Amino acid sequence: MSRQLNSCIVAICFLAYSLLTPLLLAAGDTVAAANGSKPAAKANPAAKTNQKSANQPKDPPTSATKPSANQPATGKNSAPDKTPATHSKKVRLAHIVIEGQLPESAGMMSLFGDLGIDLRKTISRIDKVAKDGSVAGLILDIRATALSRGKLNELSAAVTRVRASGKKVVATLDSAMGAQYLLASACDEIVMPESGTVLITGVQLQFVYLKDLLAKLGMEADIIQVGDYKGAAETLSRSGMSEPVRKNMTALADDLYDQMLTTIAQNRQLRVEEVTQAIDTGMFTTQQARESGLIDRVLYADAFRKHLATQYKTDQLVYVMNYAKKKVDTDFSGPMGMIKLFQAILGTGSHGKQDKKPKIALVYAVGPIMTGKSQSGALGGSSMGSTTMVEALQEAARDEQVKAIVLRVNSPGGSALASDLIWRTTQTIDKPLVASMGDVAASGGYYISMGADRIVAEPGTITGSIGVVGGKVTIGGLQDKIGFATEVIQRGKNSGIFSGINKFSDSERKVIRHMMQDIYRQFTTKAAAGRKLPPAQLEALAGGQVYTGRVAKRHGLVDELGTLNDAIRIAKQLAGLEADAQIGLKVLPKPENPLEALFGADLDEEREARIALRSLTRLLPGLSSYLRRAIELYPLMREPTLTIMPYWIEVQ
């Protein structure tokens, strides 16, 4: 069997070598001259592609702030020009594209090494601009991207660090919706073409209720919840929102809206009343947006390029495309070519001497929580397995070079058992442990965070939801409608507790409620101990209530508001390291190698399922996020009790 496997690997590698080598492009610095002459580029097959992209309307902006006569500066952009005076000096501007979902995890390696685009690597590239003396500023090219509040805060903070270094950051967009605009507002200037649009329409929370639909199908949800605000299953068991949940969700929407107002007002130097009026209008052409102070310049790419050259007083304006993106050695020719190809595919190679400097372990806890090993989703995303997380935390604890651990949590919760196993592991570690909350760290996501030495949340993190829910959907009525019958022989008073045909009997309901109340007691007791709060005070904050990070801090559920960088800084302090000490970062769980996935079990079935689902989402793109989350949550249905949040929040 092993000989066959080796032969298969060799065959695949030869195929990759012969077919892919001519197509591999190194991510590198591509330059575009501001005076309209042909761009100079490194001699590689990417040159033509990058020359073409340099002339697209996604042009890089730069430092000066004085607009043309017919486009006056607004608000913050009336600051003095910071441009150099030398006419012949070459000016280089970093160009970074923000697009896609920017996943927040170690994820999976790409086929040719660790080149995947994720949030942490993108922030690292932005941060490099602040320290790089060879570039004069940053062009943030914001395209179609799905960013929730936590990711927005992380990226905005990175932009702020570049601006604090004295370098200008300009956002270029073709069109701007909520998430894109909020990120762009953190930049010094926003530039859009005349045909673009700005859409900022406020905050809307939507809830779907399926009780009546299930009834028409002859199905019924039999749900037990502990906590008046724990509405995780109301979507199945009710026709509308309960009053406790409505009260909690209204408070959540109010705070999210207030954060949107204050963020735009502060970033754009507008009055809150002006921002309120703009959001109530909602839709703007770029000319209208400029007149309202929402953007700064209405220019096509070519005109903007000339404008930048004038601002920087240079005829040698260079865009550093794919700035700071990791490069790949794609020269697979010669006797060593095949070995280099193997190393690229496997993510191996010579790494020189082992780095002996102290490390911070960054452990990603991302996705719905389930027992067993973590799994990748068919439509992207992943689930967090308790086995995988326990092993990752234990590895960080054993590594003598690791001086502290940062647990980056982005999870709505899931299995109560799995959450408790992960929490217990955090309590056995004698190194400083800091929880850093991303977009969401609620219910089970809060459970695994609450034992940390310090909790750092983003202002817009959705957290809390301390409660327990369980139940099932029964199909007895559907069975009658479509004409099939079921006969049951059982022994044991409560042996039908997991039956999908009938609702819980009184006896079954009593034992499952008793178990859930005990789990809820464990949850609140451990949360109170971890947060050093009196049990009664913690109980008043529990019951399934959900908070933004900003409100959670007021209540003592988290310690500080900040980014992942802030959490790493705090971890260094707790470990006794100097603030400016050079550290390494050990990222766990380790990314899955694509060849390991290639030879994994049930690959054919999984691949067919992924292809079918992705085809469906192309036909019905509006359903993709719903399908992905439904698939992520499906494995949780085998868990007897859940600590999970019933909704997710997206900035559109």
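For every chain, the first residue of its written sequence is number 1, and the numbers climb from 1 along that sequence. Selection of residues for local features in this predicted model requires a pLDDT of at least 70, selection of side-chain atom pairs for listing and counting requires 80 or more, and totals for whole chains, interfaces and linings are taken over all residues. By convention in this description, side-chain values take in all heavy atoms of the structure and omit both hydrogens and water.

Draft legend 1. Structural view of the packing of aromatic side chains. Classification of ring pairs uses Phe, Tyr and Trp, with its six-membered ring standing for Trp, and accepts pairs whose centres are within 6.5 Å; under 30 degrees between planes counts as stacked, over 60 as edge-to-face, and the remaining range as tilted. Per the counting criterion, the structure on display carries two aromatic pairs. For the pair Trp 423 and Tyr 447, a centre-to-centre distance of 6.5 Å together with 80 degrees between the ring planes defines the contact as edge-to-face. Remark: Tyr 447 occurs in helix α15 (residues 444-447) and Trp 423 occurs in helix α14 (residues 416-427); sequence separation between them is 24 residues. Here's how the labels work: a residue is buried when its accessible area is under 20% of the maximum for its type, exposed when over 50%, partly exposed in between, all with a 1.4 Å probe on protein chains only. Look at Tyr 447 and you get buried, because its relative accessible area is 2%. Counting every residue linked through ring pairs, the aromatic cluster contains Trp 423, Tyr 447 and Phe 523. Comment: elements are numbered from the N terminus, with helices defined as DSSP H or I runs of at least four residues and strands as E runs of at least two.

Draft legend 2. Fine view of the nonpolar core. Of all hydrophobic cores here, the largest spans 52 residues; its most connected members are Val 363, Ile 405, Leu 407, Tyr 446 and Leu 538. No other element matches helix α17 (residues 506-531), which puts seven residues into this core. If we ignore the near neighbours within four places in the chain, the residues touching Val 363 are Met 389, Ala 392, Leu 393, Ile 405, Val 406, Leu 407, Arg 408 and Leu 588. Only buried Ala, Val, Leu, Ile, Met, Phe, Trp, Tyr and Cys residues count toward a nonpolar core, and they belong to the same one when joined by side-chain atoms within 4.5 Å. Within the second largest apolar cluster, 48 residues are counted, among which are Ile 126, Ala 179, Ala 186 and Ala 289. Contacts are assigned to residue pairs with any non-hydrogen atoms lying within 4.5 Å of each other.

Draft legend 3. Expanded view of the side chain of Asn 410. Residue position: Asn 410 is located in strand β14 (residues 402-411). Leave out the neighbours within four places in its chain, and Asn 410 touches Glu 104, Ala 365, Val 366, Gly 367, Asp 439 and Val 440.

Draft legend 4. Unusual backbone geometry, seen in detail. Cis geometry is found at the peptide bond from Leu 588 to Pro 589, where omega equals -10 degrees. Inspection of the secondary structure assignment puts Pro 589 in the loop between β22 (584-588) and α21 (594-598). Located in the positive-phi region is Gln 269, a residue other than glycine, with phi close to 55 degrees. Relative to the assigned elements, Gln 269 resides in the loop between α8 (243-268) and α9 (272-281). With a phi close to 55 degrees, Ser 465 is a non-glycine residue in the positive phi region. With respect to the secondary-structure elements, Ser 465 resides in the loop between β18 (462-464) and β19 (468-474).

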